[in-house]
Amino acid sequence: MRVIIAGGGIVGLTTAVALRAAGAEVLVSERAPEIRAVGASIGLWRNALDVFARIGVGDGVEALSTPVSTWFHDAAGTRHRAPGSTEADHAFALVPRAELNRLLADAVGPGSVRLGSRVTGFAEDGDGVTVRFADGGDERADLLVGADGVHSRVRDVLLPGFGAREHRGHHAWRGTLPSIGEPAGGSVLTVGRDRSRGGYTRTYGGATMWMVNQFDVPQLTGTPKEQALERAALLSENGWNSALAELIAATPEEAVLHHQILFVPPLPRWTSDRVALIGDAAHGLSPHIAAGGTLGVEDVGVLARALAREPDTARALRSYESDRRPRYAMVREHARAVEHAADAPAYARHYAAFSHWMLAPRPPL
């Protein structure tokens, strides 16, 4: 089987590693001139780490990982967890995106990654799919995987009219910098006033990552750093979380990342006979539940198993879709509950319910 993968981010590269390990010939088409990552670090749950272990890169990912045990704080600094929840419900690994992408690209191999290359369209027939590229060329494959994110061109061709949309009023600010002596335990997540959230934690290589976000954001003024500091003030009564503001203040202005959050609306389908959407291209979520990366890597595991079990590509893709779409319907319900949690105790309850459901054993495909 020859597979062309549009997108050289975490999910696209993981797809390439998994299918290459299963014997497929893979080509990753990445529009950027180098393998890079947008954002600082990514939280990955056990589900994703299990997939990495199965495809042979688990030890490398573990070496990059910082274990995090989540507590939820209110603006006064009181810690909360849901009654009856377990430590497993609050454990994840924080992994630097850039290093993870490089690890995965090395596992794919440079000969299977084409940089500065953008998929612009495709045409299917009974024998395969012809993939078109921005330089005017085209190539044949047995399968095209659209792992090209919320702005997926593959999705635009497969399903016109289902482009990414603004999560209106939801903005996020992030940064990573060398640790500056802040308490090592971090604040992970604080639920503050005016629907604000944020926190910080140590990560790989002596660095610390911080994040703040807010729903129903009023008109923004000032620089991104000033905007982030304004939200940090909503997360710290009596100065208990002053380290968060100090980290933001110490971050160079040009290193402060600000994003209007986008999401992908529910799609009528994720696949055709020779094309599959995966990761954010299929189901980009507002990232306030910190599970988007894990869910995308889960997609890879399910797709790889379906293709290994079913020799007919079209039937394998239908099996993959039938597994994933109901799961995402439930994810969206949990995400809405977490988003609208009014305070830290409510957030902790909804998060624990989502985590417990997400981590529950599932029958193999």
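Residues numbered from 1 in each chain as written. Predicted model: local features only at pLDDT ≥ 70, side-chain atom pairs only at ≥ 80, totals over all residues. Heavy atoms only, no water.

Caption draft 1: Quick peek at the overall build of the protein. The secondary structure content of the protein amounts to eleven helices and 18 strands. In terms of overall size, the protein behaves like a compact globule, its C-alpha atoms giving a radius of gyration of 20 Å where 365 residues would be expected to give roughly 21 Å. Looking at the protein residue by residue over its 365 residues, the buried ones come to 54%. Considering only contacts within the protein whose residues lie at least 6 apart along the sequence, 72% involve residues at least 24 apart. Of the roughly 15,300 Å² of accessible surface on the protein, 52% is carried by carbon and sulfur atoms. (Helix = DSSP H or I, 4+ residues; strand = E, 2+ residues; numbered from the N terminus. Rg over C-alpha atoms; globule rule 2.2 N^0.38 Å. Buried < 20%, exposed > 50% of the residue type's maximum accessible area, 1.4 Å probe, protein only. Contact = heavy atoms within 4.5 Å. Areas by Shrake-Rupley, 256 points an atom, 1.4 Å probe, with all protein chains shown as cover.)

Caption draft 2: Quick look at the layout of surface pockets. Here the second largest pocket is characterised by a volume of approximately 340 Å³. Taken together, 18 residues line the second largest pocket, and the ones lying closest to its centre are Asn 47, Arg 54, Glu 298, Arg 305 and Arg 362. Of all elements in the fold, only helix 2 (46–54), helix 9 (292–309), helix 10 (313–339) and helix 11 (344–359) reach the threshold of two or more residues within the lining of the second largest pocket. With five residues, helix 2 is the largest single contributor of residues to the lining of the second largest pocket. (1 Å grid on protein atoms, 1.4 Å probe; cavity = no way out; pocket = protein on both sides within 12 Å on 5 of 7 lines; lining within 4 Å. Points joined across faces, edges and corners; volume = space filled by probe spheres on them.)

Caption draft 3: The pattern of salt bridges, seen in detail. Evaluation of the coordinates by the stated rule reveals 20 salt bridges. As a salt-bridge pair, Arg 318 and Asp 273 come within 3.9 Å of each other at their nearest N and O atoms. Linking Arg 318 in helix 10 with Asp 273 in the loop between strand 17 (257–263) and strand 18 (275–277), this pair joins segments that are 45 residues apart in sequence. It is possible to trace a salt-bridge network through shared partners that takes in Glu 298, Asp 299, Asp 323, Arg 324, Arg 327 and Arg 362. (Salt bridge = Lys/Arg side-chain N within 4 Å of Asp/Glu carboxyl O.)

Caption draft 4: The arrangement of the sheet that holds strand 3 (residues 41–44) in detail. Judged by pairing direction, the sheet is antiparallel, and its three strands sit side by side in the order 3-7-4 without closing on themselves. Of all strands in the sheet, those with a lone pairing partner are strand 3 and strand 4 (66–69), marking the two edges. This sheet shows a mean twist of 35° between the axes of neighbouring strands, independent of strand direction. Two strands pair when backbone bridges link them, and strand 4 and strand 7 (residues 91–96) are joined in this way by four bridges, in the antiparallel orientation. (Pairing = 2+ DSSP bridges. Axes fitted to C-alpha atoms, helices over the stretch in contact; angles between N-to-C directions.)

Caption draft 5: The side chain of Gln 227, seen in detail. If you trace the backbone, Gln 227 turns up in helix 6 (residues 224–233). The exposure class assigned to Gln 227 is buried, which follows from its relative accessible area of 7%. Polar side-chain contacts of Gln 227 include one of 3.0 Å to the side chain of Trp 173. The contact partners of Gln 227, leaving out residues within four places of it in the chain, are Trp 173, Leu 220, Thr 221, Gly 222 and His 258. (Polar contact = N/O pair within 3.5 Å; in protein donor to acceptor, adjacent residues only side chain to side chain.)

Caption draft 6: Summary view of helix 1 (residues 10–21). The end-to-end C-alpha separation of helix 1 is 16 Å, in line with the 16 Å expected for twelve residues at 1.5 Å each. In terms of burial, helix 1 is largely enclosed, as ten of its twelve residues are buried. Within the sequence span of helix 1, burial applies to Ile 10, Val 11, Gly 12, Leu 13, Thr 14, Thr 15, Ala 16, Val 17, Ala 18 and Leu 19. Just past helix 1, the residue Gly 23 takes up positive phi, approximately 105°. (Expected span 1.5 Å × (residues − 1).)

So, to be careful, I would describe these as geometric facts and stop short of saying anything about function.
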